[in-house]
Amino acid sequence: MSTSVETPRELVERLFEVLPARDAEAFVALFAPDAVFEIPFVIPGFPNRFEGREEIRAHLERWWSPQRLSGVVVHGVHPTIYETSDPELFWVENDVELTRPGAERARVRTSVNVVGVRDGQVVLFRDYMDTNRVAGMIQLMQ
């Protein structure tokens, strides 16, 4: 019987392991009930702050819906996790290997994330995403 407890870094690693499936339920299961998800670089027409696990889940379900991401295949997410002087705060360079409609498979830096952890749950996910690339993908899919 194992008595090991997941470290904050291991939780962040697990967070990015579940990301490729675009399963909002599995992703937010790692979040605290009062977690905050922020997108500091605003995408016109989209909110940039979500408070609480349920609001985050609803946003991700809309964002990751098959209708919105039709034809986009995620082959893998490749995070590089950096520790800070705070053992519960990390920043992550997030590369995604994907194929978009009409394009070849590519590995692209999609965002840099700040992830805060407390008591074994994610309490902050700040997504500094490439909003120009996202806005371009949205236009292609409309």
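Scroll up a little and you will see the structure.
Residues numbered from 1 in each chain as written. Predicted model: local features only at pLDDT ≥ 70, side-chain atom pairs only at ≥ 80, totals over all residues. Heavy atoms only, no water.

Novice: Explain the nonpolar core here, please?
Specialist: One recurring pattern in soluble globular proteins: nonpolar side chains tend to sit buried together. With 31 residues, the main nonpolar core has Leu15, Phe16, Phe27, Phe31 and Val115 as its most contacted residues. Of all the secondary structure elements, the ones that give two or more residues to this core are α1 (8-18), α2 (24-28), β1 (31-38), α3 (53-63), β3 (73-83), β4 (89-99), β5 (106-118) and β6 (121-129). Setting aside residues up to four positions removed in sequence, Phe27 forms contacts with Leu15, Val18, Leu19, Phe37, Leu60, Trp64 and Phe125. (Core = buried A, V, L, I, M, F, W, Y, C linked by side-chain atoms within 4.5 Å. Buried < 20%, exposed > 50% of the residue type's maximum accessible area, 1.4 Å probe, protein only. Helix = DSSP H or I, 4+ residues; strand = E, 2+ residues; numbered from the N terminus. Contact = heavy atoms within 4.5 Å.)

Novice: Just to check I follow, could you spell out the sheet that holds β3 for this structure?
Specialist: By way of backbone hydrogen bonds, the strands of a sheet pair with one another, either parallel or antiparallel. Spatially, the six strands line up as an open sheet ordered β2-β1-β6-β5-β4-β3, and their pairing is mixed. Across the chains shown, the open sheet's two edge strands, defined by having one partner strand only, are β2 (49-51) and β3. Shown here is a sheet whose adjacent strand axes are inclined to one another by a mean of 20°, direction ignored. As paired strands, β4 and β5 are joined by 10 bridges and run antiparallel to one another. Opposite Glu93, over in β5, you have Val112 as the bridge partner. Running at roughly 140° to β5, α1 makes contact with β1, β3, β4, β5 and β6 of the sheet. Across the sheet, α3 lies against β1, β2 and β6, angled at about 50° from β1, the strand it touches most. (Pairing = 2+ DSSP bridges. Axes fitted to C-alpha atoms, helices over the stretch in contact; angles between N-to-C directions.)

Novice: What's the story with the packing of aromatic side chains in this structure? I'm lost.
Specialist: Aromatic ring pairs are described here by two measures, namely the spacing of the ring centres and the angle between the planes. For the coordinates displayed, the defined rule picks out eight aromatic pairs. Ring centres of Phe37 and Phe50 lie 6.1 Å apart, and the angle between their planes is 65°; this geometry places the pair in the edge-to-face category. Residue Phe37 is found in strand β1, and its partner Phe50 is found in strand β2; the two are separated by 13 residues along the sequence. Of the two residues, Phe37 and Phe50, neither departs from the other in class, the shared state being buried. An aromatic cluster of at least three residues, connected via ring pairs, comprises Phe16, Phe27, Phe31, Phe37, Phe50 and Phe125. (Phe/Tyr/Trp six-rings, centres within 6.5 Å; stacked < 30°, edge-to-face > 60°.)

Novice: Explain the pattern of salt bridges here, please?
Specialist: Tallying each qualifying case throughout the model produces 10 salt bridges. The residue Glu13 makes a salt bridge to Arg9 at a minimum N-O spacing of 3.0 Å. Note that Glu13 and Arg9 are positioned in helix α1 at a spacing of four residues, about one turn of the helix. Assessed through its relative accessible area of 30%, Glu13 is described here as partly exposed. Taking the shortest distance from any N to any O, the salt bridge between Glu54 and Arg57 comes out at 2.6 Å. Of the two residues, Glu54 and Arg57 are both situated in helix α3; the distance of three residues between them amounts to about one turn of the helix. We classify Arg57 as buried; its relative accessible area is 11%. (Salt bridge = Lys/Arg side-chain N within 4 Å of Asp/Glu carboxyl O.)

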